[in-house]
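# Structural features, examined
Here is what each chain is made of, one letter per residue.
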Amino acid sequence: MNRIFDGLQDTDRELREHPNGMSILVIRRSYDASPEEVWDAITDPQRLVRWFLPVAGDLRAGGRFHLEGNASGEIRRCERPSLIGLTWESGGGSSEVQLRLTPDGESTVLELEHAPVPADAVPNAGPGLWGLGAGWEMGLLALGDYLAGELPGGRAVDWIATAGPEQVAAAAAAADRIGGAWEKLITGRP
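The following refers to the structure shown. (Residues numbered from 1 in each chain as written. Predicted model: local features only at pLDDT ≥ 70, side-chain atom pairs only at ≥ 80, totals over all residues. Heavy atoms only, no water.)

### Focus: the overall build of the protein
Looking only at helices and strands, the protein features six helices and eight strands. Counting from the amino terminus, helix and strand elements in the protein follow one another as α-β-β-α-α-β-β-β-β-β-β-α-α-α. In summary, the protein has a C-alpha radius of gyration of 16 Å against a globular reference of 16 Å for 190 residues, a match within 12%. When its C-alpha atoms are laid out on the principal axes, the protein stretches across 40 × 40 × 35 Å. The buried share of the protein, reckoned over its 190 residues, is 41%. By sequence separation, contacts in the protein at least 24 residues apart represent 51% of the contacts at least 6 residues apart. Carbon and sulfur atoms make up 52% of the accessible area of the protein, which amounts to about 9800 Å² in all. Computed over 17 positive and 28 negative side-chain charges, the inter-centroid distance for the protein is 2 Å. (Helix = DSSP H or I, 4+ residues; strand = E, 2+ residues; numbered from the N terminus. Rg over C-alpha atoms; globule rule 2.2 N^0.38 Å. Buried < 20%, exposed > 50% of the residue type's maximum accessible area, 1.4 Å probe, protein only. Contact = heavy atoms within 4.5 Å. Areas by Shrake-Rupley, 256 points an atom, 1.4 Å probe, with all protein chains shown as cover. Lys, Arg positive; Asp, Glu negative; His and termini not counted. Charge placed at Lys NZ, Arg CZ, Asp CG, Glu CD.)

### So, the packing of helix 2 (residues 35–43) against helix 4 (residues 132–147)
Any two packed helices are characterised by the angle at which their axes cross and by the distance between the axes. Contact geometry for helix 2 and helix 4: axes closest at 11 Å, N-to-C directions at 120 degrees. The angle between the axes of helix 2 and helix 4 places the two elements in the oblique class. For the element pair helix 2 and helix 4, the recorded crossing hand is right-handed. Contacts between helix 2 and helix 4 pair Glu37, Val38, Ala41 and Ile42 from the former with Leu143, Tyr146 and Leu147 from the latter. (Axes fitted to C-alpha atoms, helices over the stretch in contact; angles between N-to-C directions. Parallel < 35°, antiparallel > 145°, perpendicular 65-115°, else oblique. Left-handed = near helix turned anticlockwise from the far one by under 90°.)

### Here's the deal with unusual backbone geometry
Here arginine 80 and proline 81 are connected by a cis peptide whose omega angle stands at -10 degrees. One can find proline 81 in the loop between strand 5 (72–79) and strand 6 (83–90).

### Concerning the pattern of salt bridges
For the coordinates displayed, the defined rule picks out 16 salt bridges. The shortest N-O distance in the salt bridge between arginine 16 and glutamate 14 comes to 3.3 Å. A residue is classified by how much of its surface remains accessible, and arginine 16, at 30% relative accessible area, is partly exposed. Accessibility expressed as a relative area gives 24% for glutamate 14, which makes it partly exposed. (Salt bridge = Lys/Arg side-chain N within 4 Å of Asp/Glu carboxyl O.)

Okay, structure coming up:
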């Protein structure tokens, strides 16, 4: 649980105004890995499935992707090992996601930008109903665990499905704290 709390503290969150009046969600996290290692973890389907979701499709610029049980979209930019730009098509809507990797000494800073999004979709809607902030951050926490070699073997969707009550409760508590952090950012509360 302390590792999760430390991960929450080590996350830089930002919500900016999009030109259309909606919001731009920005999350920054640092990983003790090279840009190439982080790049491979977020682009190689056999590695991505270990910490996020199974992905299928034509995984190159101009190709389309589908994340199992989640979103689909088009890969618009793919500049190894520094930038991925794609559309995020989910629930009948479409937005843009960019992932930027920047070397920082022995580490890599990953910046995720998702826009445009309604500000009220960022914090959690209620218990067990993750907002965009918690949804992305829980994945980025898992990426950190994967890069550190701390995840169980196999597909993330399989080990999550068989998680015990204590693991489920810990994940729910982390998602609630993340949602609370986004709520404080949006409302300006300390």
